[in-house]
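Chain and residue survey
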Amino acid sequence: MDFSQTLIAKSDAILHKWVEAVYEDEQIEATQELTFNAVRDSLPRILKALATVLSESATSDLQTVVDASLEHGTLRAEQGFEPEEIAREYRLLRFVIFSFLEEDLLQGSAQEVLRAVRLIDTVIDEAIARCFNSYTQGRLQELKQLQSQLRLTNQELTRLVRATKENLSHLAHELKTPLTSIIGYADLFLRQQRQQPELKDTYANLESIERVLKSGRLLVRLINDTLEISRYDAGQMKLHPAQTDVRSLINSVLEMIEPLASGKELSLVVECERAPSQVNTDPLRLQQIVTNLLSNAIRYTESGSIHLECWTVSPQQWAISVTDSGIGISLDAQTKIFNPYFREVTDSKVQKSDGTGLGLAIVSRLVQLMHGEIKVDSQLGKGSTFTVILPLEAIAQV
Ligand code: ADP
C-alpha cells in the first residue's frame, strides 16, 4: 500500500486540523498573536516531502524536509516560540498525521504499517532536530544583538551619569555665590532693623525676611551637603588626622548646640569620664559627626533629654553614642536612613523641620573613611541611640 497518496490527498485537512490543534493548545502561548498562515508557514512543504519519503515510487525528498524544517525553526525563533512550544507542535503534528492515516494503516499488512510508522517517525524526528538547530541559531543571534545593544546603552548611561555628576557639582558651586550674598544682605538688614526699634513696626515684611534667611540657610546647607556626598563618591574626600583632645572637642560642639536644645527645653547630659583623653583623628570630621548626631537628636525629640556618652572600647578603639527620647525610627527606615535624601516623615512637624536627608549619609561616609562603624538602635515613640566606633589611631588612607 502507498500511504503517501493518502497523505497528499488529505494534506490540506491535516494541515488545517494541525493548526487548529496548535491554536487550541493552551500551553502554546506564542500563537496568541499569530495568524493562521503564520502558524502554518513551512508545514505544507514538510508534509509534501514526507509523502515522497513514504512513496515507494517517487525519489525520497529528504532535502526538502531538511530545508523546510530549518526555515521553520528560524521563523519560530522570530515568532518568539519557546523550545517546549515547538516540541508540543511537532507532537501534535505526529498525532494528527496518524489520526488521518489510521483508517488506511488498518488495512495494510503489518510489514507495510511498520515501514510507514518508522518512516513518518524518522522524518518528523529529523524535522524536529533541524528545526531546533536553526531555532537555536536564531535565538543566539537575537541574544548577540541584545547584548551589543545593552553594552551601548550601558556606555551611554555611564556617560550620562558622569556628565550629570559634573553638572550637578558645577551648578551647586554656581548657586552658592548668589545665595551667600542673599543671606549676607538679609542678615545685615535684619541686624540694622533690630538696632532701630522705632522702625521695626513700619516694616511689615520683617518676618518675610526672616523666612528668606531661614530658607537660604537651609539651601546653602543642602548644597554643601550634596557637594560633600559627591566629593566622597568621587573619592576626593581626604582625612587630615591630628592628635585630638576628645573632651574639649565635644565641649566645643556642645557649646554650639546648647541653644538649640534649650530652645526646646531639652536637657543635655554628657558622660565622658571613660573617654580616651587623646585620639589620633581628623578633628574637623569628628566634629561634623558629633554635630550631626546631636542636631538630629534635638530635631527629632520634643521632650526629655539627650544623652552623649564616650568611652574606650579596647586598646584600639573608642566609641561615642548619642541617645535621645524622641520619635524613634521604624525598623524599615533604619535600613534606609544612611541613604542620601531619605527621610522618614512621620508627621507634619517632621516634614516642616529643616532636615535635608543628607546628614546621616555624610556621617556614615565619614565613619567609613575613618575605618569605623556606625550602629543605630531605635524604637518608634521611645527614642534612638546612634553609636559610632572609631580607631584610636587614624588608619592611613590608601
Ligand atoms: P535629616 O536632615 O532629614 O535629619 P539625616 O540623614 O540626618 O537627614 O536623617 C535621615 C532621616 O533619619 C531623618 O529624616 C529622620 O527621619 C531619621 N532620623 C535621623 N536621626 C534621627 C533621630 N535621632 N530620631 C529619629 N529619627 C531620626
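In this report, we go over the structure that sits alongside the text. (Residues numbered from 1 in each chain as written. Predicted model: local features only at pLDDT ≥ 70, side-chain atom pairs only at ≥ 80, totals over all residues. Heavy atoms only, no water.)

**What about the overall build of the chain?**
Just so we agree on the cut-off: For the purposes of this entry, the term helix denotes a DSSP run of H or I that reaches at least four residues, the term strand denotes a run of E that reaches at least two, and both are numbered from the N terminus. The quantity called the radius of gyration is restricted to C-alpha atoms. Its globule counterpart is 2.2 Å times the number of residues to the power 0.38. Burial classes follow relative accessibility: with a 1.4 Å probe on protein chains only, a residue under 20% of its type's maximum area counts as buried, one over 50% as exposed, and anything between as partly exposed. Two residues qualify as a contact provided that any one of their heavy atoms is within 4.5 Å of a heavy atom in the partner residue. Here the accessible surface of atoms and residues is derived via Shrake-Rupley with a 1.4 Å probe, and residues count as covered only by protein chains that are part of the display. For this count, His and the chain ends are skipped, Lys and Arg are scored as positive, and Asp and Glu as negative. For this purpose, a charge sits on NZ of Lys, CZ of Arg, CG of Asp or CD of Glu.
Counting its regular elements, the chain contains 14 helices and seven strands. By the compact-globule yardstick of 21 Å for 398 residues, the chain is too spread out, its C-alpha radius of gyration being 39 Å. Based on the C-alpha atoms only, the size of the chain along its principal axes is roughly 120 × 60 × 40 Å. Across the 398 residues in the chain, those meeting the buried criterion constitute 39%. Expressed as a percentage of contacts within the chain between residues at least 6 apart in sequence, the contacts between residues at least 24 apart total 71%. For the chain, the accessible surface area stands at approximately 23,000 Å², while carbon and sulfur atoms represent 54% of it. A distance of 7 Å separates the average location of the 40 positive side-chain charges in the chain from that of its 54 negative side-chain charges.

**Some points on the site of the ligand**
Cut-off, in case you're wondering: If even one non-hydrogen atom of a residue comes within 4 Å of a molecule or strand, that residue is called near it. Think of a polar contact as two N or O atoms within 3.5 Å of one another; within protein, one of them needs to be a possible hydrogen donor and the other a possible acceptor, and neighboring residues in sequence only count if both atoms come from side chains.
For the ligand, the set of nearby residues contains 20 residues, the closest of which are Asn 296, Tyr 300, Arg 343, Thr 356 and Leu 360. Between the ligand and Tyr 300 there is a distance of 2.7 Å, counted from an oxygen atom to a side-chain nitrogen or oxygen. Here Asp 324 contributes a side-chain N or O atom positioned 2.9 Å from a nitrogen atom of the ligand. Contact with the protein chains removes 99% of the 530 Å² of surface that the ligand exposes when unbound.

**Brief notes about the state of the cysteines**
Disulfides are covalent bonds that link the sulfur atoms of two cysteine residues. Note the threshold: A pair of cysteine sulfur atoms is labelled a disulfide when the two atoms are within 2.5 Å.
By the definition in use, this model includes one disulfide. Each sulfur in the disulfide pair Cys 272 and Cys 310 lies 2.4 Å from the other. Taking the sign of the S-S torsion, about 105 degrees here, the bridge from Cys 272 to Cys 310 comes out right-handed. Of this pair, Cys 272 sits in the loop between strand E2 (267-271) and strand E3 (278-281) while Cys 310 sits in strand E4 (residues 305-312), placing them 38 residues apart in sequence. Across the pair, exposure class does not vary: Cys 272 and Cys 310 are buried alike.

**Some remarks on the environment of Val 269**
Checked against the element boundaries, Val 269 lands in strand E2. Classification of Val 269 by relative accessible area gives partly exposed; the value is 32%. Taking the C-alpha atoms as reference points, Val 269 and Gly 383, 114 residues apart in sequence, are found 15 Å from one another. Here Val 269 is in contact with Ile 306, His 307 and Leu 308, once residues within four sequence places are set aside.

**A look at the nonpolar core**
Within soluble globular proteins, side chains that are nonpolar tend to cluster in buried spots. Cut-off, in case you're wondering: The criterion is simple. A nonpolar core is a set of buried Ala, Val, Leu, Ile, Met, Phe, Trp, Tyr and Cys residues joined through side-chain atoms within 4.5 Å. Delimitation of the domains relies on an automatic or database domain assignment.
One finds Leu 294, Leu 308, Cys 310 and Trp 318 to be the most contacted residues of the largest nonpolar core, which totals 46 residues. Going through the elements one at a time, helix H9 (206-233), helix H10 (246-263), helix H11 (283-299), E4, strand E5 (317-324), helix H14 (359-369) and strand E7 (383-391) are the ones with two or more residues in this core. Three or more residues apiece are contributed to this core by two domains, here domain 1 (1-237) and domain 2 (242-391). Formed by 40 residues, the second largest nonpolar core is a distinct cluster that contains Val 19, Ala 30, Ala 51 and Phe 81.

**What to know about the packing of aromatic side chains**
Definition in use: Between 30 and 60 degrees the pair is tilted, below 30 it is stacked and above 60 it is edge-to-face, where a pair is any two Phe, Tyr or Trp rings, Trp via its six-membered ring, whose centres lie within 6.5 Å.
Scanning all chains against the criterion turns up one aromatic pair. Here the aromatic rings of Phe 132 and Tyr 135 are separated by 6.4 Å at their centres, their planes lie at 80 degrees, and the arrangement is edge-to-face. Here Phe 132 pairs with Tyr 135, and both are found in helix H7 (residues 110-195), just three residues apart, close to one helical turn. With relative accessibility at 25%, the residue Phe 132 sits in the partly exposed group.

**Some thoughts on the pattern of salt bridges**
In plain terms, the rule: The term salt bridge refers to a side-chain nitrogen of Lys or Arg lying within 4 Å of a carboxyl oxygen of Asp or Glu.
Across all of its chains, the model carries 14 salt bridges by this definition. With a closest N to O distance of 4.0 Å, Lys 10 and Asp 104 form a salt bridge. Here Asp 104 lies in helix H6 (residues 83-107) and Lys 10 lies in the loop between helix H1 (3-9) and helix H2 (11-24), a separation of 94 residues in the sequence. A relative accessible area of 27% places Lys 10 in the partly exposed class. Glu 309 is the salt-bridge partner of Arg 274, the closest N and O atoms lying 3.0 Å from each other. Of this pair, Arg 274 sits in the loop between E2 and E3 while Glu 309 sits in strand E4, placing them 35 residues apart in sequence. One connected set of salt bridges, linked through shared partners, spans Asp 41, Arg 76 and Glu 89.

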